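# Coordinates in review
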Amino acid sequence: MMNNQDTICAIATAQGGAIGIIRVSGSDAVNITDTIFKPIGNDKSPLSQRKPYTITFGHIVDTDGSVVDEVLVSVFRAPHSYTGEDSTEISCHGSAYILQKTMQLLIGAGCRSALPGEYTQRAFLNGKMDLSQAEAVADLIASSSEATHRMAMNQMRGSFSRELSRLRDELLHLTSLMELELDFSDHEELEFADRTELSAISAQVENIIDKLVKSFSLGNALKSGIPVAIIGETNVGKSTLLNVLVGEDKAIVSDIHGTTRDIIEDTINIDGTVFRFIDTAGIRETDDTIENLGIERTFLKLSQAEIVLWMIDATQAEKQITELAANLLPRCKDKTLIVTINKSDLTESSSSNESEIKACLSNALTYLYNDGTMSPDSIKGMHVVSISAKSNINIDTLRRLLLSSSALPDYSNNDVIVNNLRHYNALKSALESIHRVQDGIVTNLPSDLISQDLRECLHYLGEITGGEISSQETLNNIFCHFCIGK
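Now for a quick tour of the structure. The model shown is predicted, which means the values in this text are computed figures rather than measured ones.

## Brief notes about the packing of aromatic side chains
- Tallied over the entire structure, the rule returns three aromatic pairs.
- When the ring centre of Tyr 82 is taken as reference, the NZ or CZ atom of Arg 23 above it lies at 4.9 Å.
- Against the face of Tyr 119 rests Arg 23, its NZ or CZ located 5.0 Å from the ring centre.

## Some points on the packing of helix 4 (residues 131–142) against helix 15 (residues 447–465)
- Two elements in contact, helix 4 and helix 15, have axes whose closest approach is 5 Å; the angle formed by their N-to-C orientations is 40 degrees. Relative to helix 15, helix 4 is oriented oblique. Every residue of helix 15 that contacts helix 4 at Leu 131, Ser 132 and Glu 135 is listed here: Glu 463, Ile 464 and Thr 465.
- Here the contact of helix 4 with helix 15 is built from residues that sort into two nonpolar, two polar and two charged.

## Focus on the pairing of strand 2 (residues 19–25)
- Most of strand 2 is tucked away: five of the seven residues are buried.
- Bridge count for strand 1 (residues 8–11) against strand 2 is four bridges, and the pairing is antiparallel. Counted as the bridge partner of Ala 10 is Arg 23 from strand 2.
- Pairing geometry for strand 2 and strand 6 (residues 87–93), over seven bridges, is antiparallel. Bridge assignment links Ile 19 to a residue of strand 6, and that residue is His 93.

## Observations concerning the nonpolar core
- Grouped together as the largest cluster of nonpolar side chains are 29 residues, with contacts concentrated most on Ile 209, Leu 427, Leu 454 and Leu 461.
- At the level of elements, helix 6 (159–183), helix 7 (195–214), helix 14 (421–442) and helix 15 are the ones that each hand at least two residues to this core.
- Looking at this core, the element that brings in the most residues is helix 14, giving eight residues.
- Not counting residues within four places of it along the chain, the set of residues in contact with Leu 454 comprises Leu 171, Leu 174, Thr 175, Met 178, Leu 198, Ile 434 and Val 437.
- Judged by nonpolar contacts, the second largest core, of 27 residues, contains Trp 310, Ile 312, Leu 337 and Ile 341.

## Some details on the sheet that holds strand 3 (residues 37–39)
- Here we have seven strands laid out as an open sheet, ordered 3-4-5-6-2-1-7, and mixed in their pairing. Single-partner strands in this sheet number two, and they are strand 3 and strand 7 (112–113).
- Along the sheet, helix 3 (residues 118–125) makes contact with strand 1, strand 2 and strand 7, crossing strand 1 at roughly 135 degrees.

## Quick notes on helix 13 (residues 395–406)
- With 12 residues, helix 13 ought to run about 16 Å at 1.5 Å a step, and its terminal C-alpha atoms sit 17 Å apart, in line with that.
- Among the residues making up helix 13, those that are buried are Ile 395, Leu 398, Leu 401, Leu 402, Ser 405 and Ser 406. In an axial view of helix 13, the angular spread of the buried residues amounts to 135 degrees, which keeps them on one side of the axis. Structural note: helix 13 exposes Arg 400 and Ser 404 on the side pointing more than 90 degrees away from its buried face.

## A few points about the pairing of strand 4 (residues 55–61)
- By the bridge criterion, three bridges tie strand 3 to strand 4 in an arrangement that is antiparallel. Across the sheet, residue Phe 37 finds its bridge partner in strand 4, namely Ile 60.
- One ladder, built from seven bridges, connects strand 4 with strand 5 (residues 67–76); its direction is antiparallel. Bridging across to strand 5, Thr 56 finds its partner in Val 73.
- Counted along the chain from strand 4 to the antiparallel partner strand 5, the turn is five residues long, and its residue Gly 65 has a positive phi close to 95 degrees.

## Section: the environment of Asp 64
- Examined against the element boundaries, Asp 64 turns out to sit in the loop between strand 4 and strand 5.
- Within polar-contact distance, the side chain of Asp 64 engages the side chain of Ser 66 at 2.7 Å.

## Side note on helix 14
- With 22 residues, helix 14 should cover 32 Å at 1.5 Å per step; its first-to-last C-alpha distance of 32 Å lies within 8% of that length.
- Measuring from the side-chain oxygen of the N-cap residue of helix 14 to the backbone nitrogen of Arg 422 gives 2.8 Å; that N-cap residue is Asn 420.
- Phi turns positive, to about 60 degrees, at Asn 444, one or two residues after helix 14.

## Description of a nonpolar patch on the surface
- A grouping of Ile 40, Ile 55, Phe 57 and Leu 72 is seen on the molecular surface, where their side chains present a nonpolar patch of about 350 Å² in accessible area.
- Relative to the elements of secondary structure, Ile 40 occurs in the loop between strand 3 and strand 4.
- Overall, Ile 40 belongs to the partly exposed group, its relative accessible area being 35%.

## Here's the deal with the packing of helix 5 (residues 146–156) against helix 8 (residues 216–224)
- Direction vectors running N to C along helix 5 and helix 8 enclose 120 degrees, while the axes themselves pass 8 Å from each other. With respect to their mutual orientation, helix 5 and helix 8 come out oblique. Pair helix 5 / helix 8 crosses with left-handed handedness. Residues Ala 147, Thr 148 and Met 151 of helix 5 lie in contact with helix 8, whose contacting residues are Gly 219, Leu 222 and Lys 223.

## So, the pattern of salt bridges
- Across all of its chains, the model carries 15 salt bridges by this definition.
- Taking the shortest distance from any N to any O, the salt bridge between Arg 122 and Glu 118 comes out at 3.5 Å. Of the two residues, Arg 122 and Glu 118 both sit in helix 3, four residues apart, roughly one turn of that helix. Accessibility classification places Arg 122 together with Glu 118 in one group, the buried group.
- Here Arg 436 and Asp 453 are joined by a salt bridge, their closest N and O atoms 3.0 Å apart. In this pair, Arg 436 is assigned in helix 14 and Asp 453 in helix 15, connecting sequence segments 17 residues apart.
- Using a relative accessible area of 12% as the deciding quantity, one classes Asp 453 as buried.
- Beyond isolated ion pairs, a larger network of salt bridges with shared partners links Asp 6, Glu 85, Arg 112, Glu 118 and Arg 122.

## Let's talk about the side chain of Thr 336
- Tracing the backbone shows Thr 336 in strand 12 (residues 336–342).
- Classification of Thr 336 as buried rests on a relative accessible area of 6%.
- Not counting residues up to four positions away in its chain, the partners in contact with Thr 336 are Glu 306, Ile 307, Val 308, Lys 380, Gly 381, His 383 and Ser 405.

Cut-off values and rules
Residues numbered from 1 in each chain as written. Predicted model: local features only at pLDDT ≥ 70, side-chain atom pairs only at ≥ 80, totals over all residues. Heavy atoms only, no water. Phe/Tyr/Trp six-rings, centres within 6.5 Å; stacked < 30°, edge-to-face > 60°. Lys NZ or Arg CZ within 6 Å of the ring centre and 35° of its normal. Axes fitted to C-alpha atoms, helices over the stretch in contact; angles between N-to-C directions. Helix = DSSP H or I, 4+ residues; strand = E, 2+ residues; numbered from the N terminus. Parallel < 35°, antiparallel > 145°, perpendicular 65-115°, else oblique. Contact = heavy atoms within 4.5 Å. Nonpolar A, V, L, I, M, F, W, Y, C, P; charged D, E, K, R; others polar. Buried < 20%, exposed > 50% of the residue type's maximum accessible area, 1.4 Å probe, protein only. Pairing = 2+ DSSP bridges. Core = buried A, V, L, I, M, F, W, Y, C linked by side-chain atoms within 4.5 Å. Expected span 1.5 Å × (residues − 1). Arc of directions from axis to C-beta. Polar contact = N/O pair within 3.5 Å; in protein donor to acceptor, adjacent residues only side chain to side chain. Patch = residues over 30% accessible without salt bridge, like charges linked within 9 Å, V, L, I, M, F, W, Y side chains within 5 Å. Areas by Shrake-Rupley, 256 points an atom, 1.4 Å probe, with all protein chains shown as cover. Salt bridge = Lys/Arg side-chain N within 4 Å of Asp/Glu carboxyl O. Left-handed = near helix turned anticlockwise from the far one by under 90°.

Any link to function would need more than the numbers given here.
Structure, rendered in structure tokens:
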């Protein structure tokens, strides 16, 4: 449990650098830092007597007076600091010994080691940022591409918060009018909340929330990577392909069938687009209980993928298509399917082999169309490419095909994109509430029932920014995933 009255300290930089920074925050931050710091130069006045937002050169000294390091100390005064509290930042050399020794001296002088996310939680509690902005700090630290960096910066600067604030202002105005109308319920001739205006504004609110909810698929793909499931029979080279794509031996490669029994995932950045590759268990008939569990997970991951790489052994292509088409193709509805013919170096002609495989796939699809299992537009797009994962043949072609198949919608720097599951769930609940408001208007429900749904919508929107969160456990759960020092 975090105690927000304590003065806290933490190392805010990664180990191994030339410079290390220790952050101290709390009501006694400046005084505690003074006990271990001695300025150098003509001005020997302590930090507590110096102007805020200044940097002082001096020594960190041990309890026996020996010098630990030469440092720079920055002083910040409440409320103009990251946390909104009095704070100092000690910039010293990046030696692990110096950093740990300085931390020991601070703790001995009255500090407490900060918990993960405690600085940002204090910034939230002190009104320096709302909860959605605070969560964006963690996303910014974890950003691995230009797109994820742009999303995090946009949210941290308050674009999402401003959008929610506008929505809440509209809803609050209507709720206030309806509450006033209820107070004068004895005067039936009075109607403060015009139903036409209520209908128009609720439709506008519904449209904005719906747009935010729908943006989550894009935000999640940008943040976590576009999910790509690598599927196929056993021993067709799925694990070899994963290792080639990510550039390391992530999965065990063996000639023994059924080696991969669980799901293996890793991400790769291809020209700024992050893909999350999922190596799945090979699909085959087996009596092995564990292997069958892996195959069940294969189908689950296939349902979650945006792109499916169906790997086929070039030496057994028609046989594998015939055996798996009826089971796999219907599961590729609304997905991009890339049929990847592996081991193409073992066949005489890749081009003739591709033509035969395309014809075989076409026959399988025609059968499924005629059977009513699938419609001609079920699969978003289908491509066929010949490769050799083992010999690294045509891998660049496959990468380009993945890029062209990602088809992420265009968005500008000013677009608000939802990428946080907690925000997404709250927005979905808010959308359900506003739908009930609209239904209530159409069916002429009493004002008190409509007002209740409006308040619920306000509650869920408030949960995102933190205005309605009172549970300390909820807050701790959000911030515990931050790194220490932030």
